[in-house]
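Inside the fold
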Amino acid sequence: MAERPLEGRVTLVTGGSRGIGAAISQQLAAAGAKVGVNYTANREAADAVVAAITAAGGEAVAIHGDVSDPEAAGAMVDATEEAFGDDLWNLVANAGITRDNLISRITPEDWDRVIDVNLGGTFHVARAASRKMLRKKRGSIVTMSSVVGLHGNLGQTNYAASKGGVIALTKALAKEVGSRGIRVNCVAPGYISTELTDVLNDEIRGILLAQTPLGRLGEPEDIANTVRFLLSDDAAFVTGAILSVDGGLGM
Ligand code: NAP
């Protein structure tokens, strides 16, 4: 792989300010991409990622916006292009949330919010980004599902449905835009050490580790490495793929 396979390519990473998204933002910038680091609530975290990228000699800018809002999704694509004075090349639709509970206790509001952010948000940013990419007849999109979207998990009916939807959306969009030179792929992480999984207690953590052949939780960098590959020209013949990065948990 080239040392800087994404040189100069304007890239928006939704939820790029924390956890997996922060690692993706930093990896892509190290690979030469100009990165829009999206956040919605925590400006300080986004600024810290931008500062780290800049200190390492890369280019990044913080981009505010809630992916579940169609207008905001369009605006964050525009703002990324304006910040770098160039057309969008890549999108990583990473932003996601959980509102876990047993089905009898999941409120309609918790159902709606998880679907709106995880599935609706992926749709809104992919729609806005693909409009730009279609004009240029090039581009690459990576969506973020989960081992839970492939195999389900108790206490996560809303999250599983949203992440299963992301997989279906990825395949449908890959078929729709492939002839125009745009690739769309999906990463399905297993359990990765971030604030999202910090809430797991030791018992659950032990069960997960016992079920993971590689015997550890993943690190955000494990996902970032895969995203970098999928966006790069090394993956030029890869589209519609659902790539599990889960230490073997989903086998
Ligand atoms: P995280 O640490 O909780 O970070 C979530 C990121 O998404 C933050 O940057 C947050 O920004 C942003 N975000 C949340 N709601 C948003 C919205 N409505 N609009 C725009 N940005 C929003 O999560 P993570 O663990 O890194 O997870 C990242 C992705 O990987 C998610 O899609 C998640 O479902 C998926 N995933 C994670 C794991 C895991 O084990 N961690 C496993 C499988 C899949 P603010 O700080 O501004 O809110």
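It should be noted that the structure appears before, not after, this text.
Residues numbered from 1 in each chain as written. Predicted model: local features only at pLDDT ≥ 70, side-chain atom pairs only at ≥ 80, totals over all residues. Heavy atoms only, no water.

Brief notes about the packing of aromatic side chains
- In the structure shown here, the tally under the stated rule is zero aromatic pairs.
- Against the face of tryptophan 89 rests arginine 138, its NZ or CZ located 3.9 Å from the ring centre. (Phe/Tyr/Trp six-rings, centres within 6.5 Å; stacked < 30°, edge-to-face > 60°. Lys NZ or Arg CZ within 6 Å of the ring centre and 35° of its normal.)

Examining the side chain of threonine 197
- When you line up the elements, threonine 197 lands in the loop between strand E6 (182–189) and helix H7 (202–210).
- The class for threonine 197 is buried, based on a relative accessible area of 10%.
- When sequence neighbours within four positions are dropped, the list of residues in contact with threonine 197 reads Tyr191, Ile192 and Arg205. (Helix = DSSP H or I, 4+ residues; strand = E, 2+ residues; numbered from the N terminus. Buried < 20%, exposed > 50% of the residue type's maximum accessible area, 1.4 Å probe, protein only. Contact = heavy atoms within 4.5 Å.)

Quick word on the nonpolar core
- Within the largest apolar cluster, 30 residues are counted, with the highest numbers of intra-cluster contacts made by Ile24, Leu28, Val35, Val37, Val187, Ile223 and Val227.
- Of all the secondary-structure elements, those providing two or more residues to this core are helix H1 (19–30), strand E2 (34–39), helix H2 (43–55), strand E3 (59–64), strand E5 (139–144) and helix H8 (220–231).
- Sort the elements by how many residues they give to this core and H1 lands first, with six residues.
- If you look at the next biggest cluster of nonpolar residues, it comprises 24 residues, including Leu12, Ala73, Val77 and Ile141. (Core = buried A, V, L, I, M, F, W, Y, C linked by side-chain atoms within 4.5 Å.)

Considering the pattern of salt bridges
- Under the counting rule described, the total for this entry stands at nine salt bridges.
- For glutamate 7, the salt bridge is made with arginine 4, and the minimal N-O distance between the two is 2.6 Å.
- Via salt bridges that share partners, Asp78, Glu81 and Lys132 belong to a single interconnected network. (Salt bridge = Lys/Arg side-chain N within 4 Å of Asp/Glu carboxyl O.)

Examining the side chain of asparagine 158
- By the secondary structure assignment, asparagine 158 is in helix H6 (residues 157–177).
- For asparagine 158, the contacting residues outside a window of four places in its chain are Arg99, Ile106, Asp110, Trp111, Val114 and Ile115.

Section: the packing of helix H4 (residues 108–136) against H6
- The interhelical angle for the contact between H4 and H6, taken along N-to-C directions, is 15°, at an axis separation of 8 Å. As the angle between them shows, H4 and H6 are arranged roughly parallel. By crossing handedness, the relation of H4 to H6 is classed as right-handed. Contacts between H4 and H6 involve Asp110, Trp111, Val114, Ile115, Asn118, Leu119, Thr122, Phe123, Ala126 and Leu134 from the former and Thr157, Asn158, Tyr159, Ala161, Ser162, Lys163, Gly165, Val166, Leu169, Leu173 and Val177 from the latter.
- Partitioned by chemical class, the residues of the contact of H4 with H6 number 13 nonpolar, six polar and two charged. (Axes fitted to C-alpha atoms, helices over the stretch in contact; angles between N-to-C directions. Parallel < 35°, antiparallel > 145°, perpendicular 65-115°, else oblique. Left-handed = near helix turned anticlockwise from the far one by under 90°. Nonpolar A, V, L, I, M, F, W, Y, C, P; charged D, E, K, R; others polar.)

So, the layout of surface pockets
- In this model, the second largest pocket occupies a volume close to 170 Å³.
- Along the wall of the second largest pocket there are 14 residues; nearest its centre are Arg216, Gly218, Val245, Asp246 and Gly247.
- In the lining of the second largest pocket, the residues fall into seven nonpolar, four polar and three charged. (1 Å grid on protein atoms, 1.4 Å probe; cavity = no way out; pocket = protein on both sides within 12 Å on 5 of 7 lines; lining within 4 Å. Points joined across faces, edges and corners; volume = space filled by probe spheres on them.)

Here's the deal with the pairing of strand E4 (residues 88–93)
- Among the six residues of E4, five are classified as buried, and the element is accordingly described as predominantly covered.
- Pairing analysis gives four bridges linking E4 to E5, with the strands arranged parallel. Bridge pairing in E5 places asparagine 90 opposite serine 140. (Pairing = 2+ DSSP bridges.)

Concerning the sheet that holds E6
- The strand order E3-E2-E1-E4-E5-E6-E7 describes an open sheet built from seven strands, whose pairing is parallel. Each of the sheet's edge strands pairs with one partner strand only, and the pair in question is E3 and strand E7 (242–245). Going from strand to strand, the sheet's axes swing by 20° on average, the running direction of each strand aside.
- Relative to E4, strand E1 (residues 10–13) is paired through four bridges, and the arrangement is parallel. When the bridges of E4 are listed, leucine 12 appears paired with leucine 91.
- The sheet strands contacting H1 are E1, E2, E4 and E5, and the helix crosses E1 at an angle near 170°.

Quick word on the site of the ligand
- In the vicinity of the ligand there are 31 residues, among which Arg18, Ala41, Asn94, Tyr159 and Thr194 approach most closely.
- At a separation of 3.0 Å, a nitrogen atom of the ligand approaches a polar backbone atom of valine 67.
- A distance of 2.6 Å separates an oxygen atom of the ligand from a polar atom in the side chain of threonine 194.
- Starting from 900 Å² of accessible surface for the ligand in isolation, the protein chains cover 95%.
- Within the residue set of the shell around the ligand, elements represented by two or more residues are H1, E2, H4 and H6. (Near = heavy atom within 4 Å. Polar contact = N/O pair within 3.5 Å; in protein donor to acceptor, adjacent residues only side chain to side chain. Areas by Shrake-Rupley, 256 points an atom, 1.4 Å probe, with all protein chains shown as cover.)

Quick notes on the pairing of E6
- Among the eight residues that make up E6, eight are buried, leaving the element largely enclosed by the rest of the structure.
- On E6, burial covers both faces: Ile182, Val184, Cys186 and Ala188 on one face and Arg183, Asn185, Val187 and Pro189 on the other are all buried.
- Here six bridges tie E5 to E6, and the two strands are oriented parallel to one another. Opposite serine 140, over in E6, you have arginine 183 as the bridge partner.
- Inspection of the sheet shows E6 paired to E7 by four bridges, in the parallel sense. Counterpart to valine 187 in the pairing with E7 is leucine 243.

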